[in-house]
Amino acid sequence: MIEDKKIFEKYNDFFKGKKYNITTFGCQMNEHDSERISFLLEKLGYTKTDDRSKADFILFNTCLVRENAELKLYGQIGSLKKIKQEHPDKIISVSGCMMQTTDARKIIEEKYKNVDIVFGTKNINKLPKLILEYLETGKRVFDVSTEYELNDFVEYNNKNNFQAYVNIMRGCDNFCSYCIVPYARGREESRRPSDIIEECNSLVERGFKEITLLGQNVNSYGNKSKFNASFPELLDKIANINGLERLRFISSHPKDLTKDLIDVMKKNNNICKSFHLPLQSGSDKVLNEMNRHYTSEKYLELVKMLRNSMPDISITTDIIVGYPTETEEDFLQTLEICKKVEFDSAFTFEYSPRPGTRASKLKSLEKEIVQDRFERLLNVLYPIFNKKNKEYLGKTVQVLLEEKSKNDSEMLSGRTDTNKLVHVKAPISKIGEIVNVKIKKHTSFTLEGDMVD
Ligand code: 5AD
Ligand code: SF4
């Protein structure tokens, strides 16, 4: 391990003018980890480039939740083999959830010899040392140690200067039968409330308008810790920070969603009225086998409680189709509950067996059955999304303008507090501002409108 200050000094000028490129797979937690990594790289002297072919340090921050993200990664690193041969001085690095498993590390070690540095989710802080170790020894570095404490103060970059992620916990103890996260990210640990609040205060002082609190299961925040704090209490305190305009959080588990949390959301205007509540399946039998600890009836009650308290709240979800024991009857129950809830939007996934999980030992359903159910699910969901978006026509909503619209250079896009994506004609100078927009068009996935006073 590189400890010597002299070695850091030796490389003082080495990184100047050098560029880095990060490809992030997976969830917001990974996006935030990439923000930490980019901060560390910039501290060394690297600058960012969006063009991977121009980068001197190429990093892939990986995801393990479904198999296709894994396959994509191998495809992308494989395609860099020639570049590494032609430019041996380029550094290729892989981090993230995949690297937490011995199997994936072994594949990288044996089949992708063009990868120079591998690190994990719990030693991100160590990256500068690992880079220097690689430069000093010329040998590949594989280090997934766990010495970084959750409460260590880590600075990071933000995607812009008005929206920020704040980690409140890491890991997961739920062991849903299909999910690899508890194996990859480890046991649940919560950060100290005072550290989180200090970080949020500092962001607001620096002019950030929107904070998104991150955790695999934010509703169980503090459950296992020595400090006396629950998620609703923490959320309430952060919402009370003077000047914070928008507060969001992800993700919630239905089994831990309480009335207290709903009350805190209702009470605070700056807590965004959108709720991501992963359903996974509408069949009680499948939910039980998934180890989810709720029934479809309990889920519907939670939706009712949310909508009774906050009638305009948007509710989104995650659904897995084709769990190994899912019958046609079980699947029809998923369609049924989707129709009852009327989700604003949903992430839908075909079940993907993950090595080491309980469900991976079950025989998978035939591909055609799963694909057919997936299509039928979308055929039910899309008209519902459309109907929910149509309700916005003629209404004036507040939109935080985030960036130039991807499809139309004259337009900006942003989000309502209900997390709806809105396209609006506005000058670039308005990026970062919350403006009033009168909605005049909609699709199943987006809204469009004009700025009004
Ligand atoms: N197969 C398919 N989808 C999965 N998810 C998690 N594990 C799997 C898997 N093995 C989905 C769940 C979860 C979301 C983040 O990813 O719906 O809520
Ligand atoms: Fe995976 Fe379940 Fe934990 Fe979510 S709650 S990360 S689905 S184990």
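Cut-offs applied
- Residues numbered from 1 in each chain as written.
- Chains lettered and ligands numbered in written order.
- Predicted model: local features only at pLDDT ≥ 70, side-chain atom pairs only at ≥ 80, totals over all residues.
- Heavy atoms only, no water.
- Axes fitted to C-alpha atoms, helices over the stretch in contact; angles between N-to-C directions.
- Helix = DSSP H or I, 4+ residues; strand = E, 2+ residues; numbered from the N terminus.
- Parallel < 35°, antiparallel > 145°, perpendicular 65-115°, else oblique.
- Contact = heavy atoms within 4.5 Å.
- Nonpolar A, V, L, I, M, F, W, Y, C, P; charged D, E, K, R; others polar.
- Buried < 20%, exposed > 50% of the residue type's maximum accessible area, 1.4 Å probe, protein only.
- Expected span 1.5 Å × (residues − 1).
- Pairing = 2+ DSSP bridges.
- Near = heavy atom within 4 Å.
- Polar contact = N/O pair within 3.5 Å; in protein donor to acceptor, adjacent residues only side chain to side chain.

Chemist: Can you explain the packing of helix α2 (residues 28-44) against helix α6 (residues 127-137)? Please cite residues and give values.
Modeler: Between two packed helices, the angle of one axis relative to the other and the distance separating the axes together describe the packing. Following both chains from N to C, one finds α2 and α6 inclined at 55°, their axes separated by 9 Å at the closest point. Taken as axis vectors, α2 and α6 run oblique relative to one another. Contact with α2, carried on its side by Ile-37, Leu-40, Leu-41 and Leu-44, involves Leu-127, Pro-128 and Ile-131 of α6 and no other residues of that element. Of the residues assigned to the contact of α2 with α6, the class counts are seven nonpolar, no polar and no charged.

Chemist: Quick one: what's the story with the side chain of Thr-446, residue by residue and with numbers?
Modeler: For Thr-446, the position within the fold is in the loop between β18 (434-442) and β19 (447-452). Overall, Thr-446 belongs to the buried group, its relative accessible area being 18%. Each residue touching Thr-446, except ones within four places of it in the same chain, is listed here: Asn-389, Leu-421 and His-423.

Chemist: Can you break down the side chain of Lys-420 residue by residue, with the values?
Modeler: Mapped onto the elements of the fold, Lys-420 is located in the loop between β16 (411-415) and β17 (421-425). Residues within four places of Lys-420 in sequence aside, it is in contact with Asp-344, Lys-388, Asn-389, Tyr-392, Gly-414, Arg-415 and Leu-447.

Chemist: So what's going on with helix α14 (residues 367-390)? Which residues, and what values?
Modeler: Its 24 residues give α14 an end-to-end C-alpha distance of 34 Å, which sits within 8% of 34 Å, the value for a rise of 1.5 Å per residue. Among all positions in α14, only Val-370, Arg-373, Phe-374, Leu-377, Leu-378, Val-380, Leu-381, Ile-384, Phe-385, Lys-388 and Asn-389 are buried. Looking at the packing, one finds that the buried side of α14 touches α12 (296-309), β13 (314-321), α13 (328-341), β14 (345-350), β18 and β19.

Chemist: Could you give me a rundown of the pairing of β19, with the residues and numbers involved?
Modeler: Bridging between β17 and β19 involves three bridges; their strand directions are parallel. By the bridge assignment, His-423 is partnered in β19 with Glu-448. Counted between consecutive antiparallel strands, the loop separating β18 from β19 contains four residues.

Chemist: Give me the lowdown on the site of ligand 2, citing residues and values where you can.
Modeler: Close to ligand 2 lie Cys-172, Asn-174, Phe-175, Cys-176, Tyr-178, Cys-179, Val-181, Pro-182, Gln-216, His-253 and Arg-292. Of the residues contributing to the shell around ligand 2, the split by class is seven nonpolar, three polar and one charged.

Chemist: Can you lay out the site of ligand 1 for me, pointing to particular residues and giving the numbers?
Modeler: What surrounds ligand 1 is the set Val-65, Arg-66, Tyr-178, Gln-280, Asp-318, Ile-320, Phe-349, Glu-350, Tyr-351, Ser-352 and Arg-354. Within the side chain of Arg-66, one N or O atom sits 2.8 Å away from an oxygen atom of ligand 1. Between ligand 1 and the protein, one listed contact pairs an oxygen atom with a side-chain N or O atom of Asp-318 at 2.6 Å. Split into classes, the residues belonging to the shell around ligand 1 amount to five nonpolar, two polar and four charged.

Chemist: Mind laying out the sheet that holds strand β7 (residues 163-167), listing which residues take part and the relevant values?
Modeler: Spatially, the three strands line up as an open sheet ordered β7-β10-β11, and their pairing is parallel. Pairing within the sheet leaves two strands with one partner each, and these edge strands are β7 and β11 (246-250). Between one strand axis and the next, the sheet turns by 20° as a mean value, whatever way the strands run. Relative to β11, strand β10 (residues 210-214) runs parallel, the two being bridged by five bridges. Across the sheet, the residue bridging to Ile-211 is Leu-247, located in β11. In the packing of helix α8 (residues 193-205) onto the sheet, the strands contacted are β7 and β10, and the crossing angle to β7 comes to about 170°.

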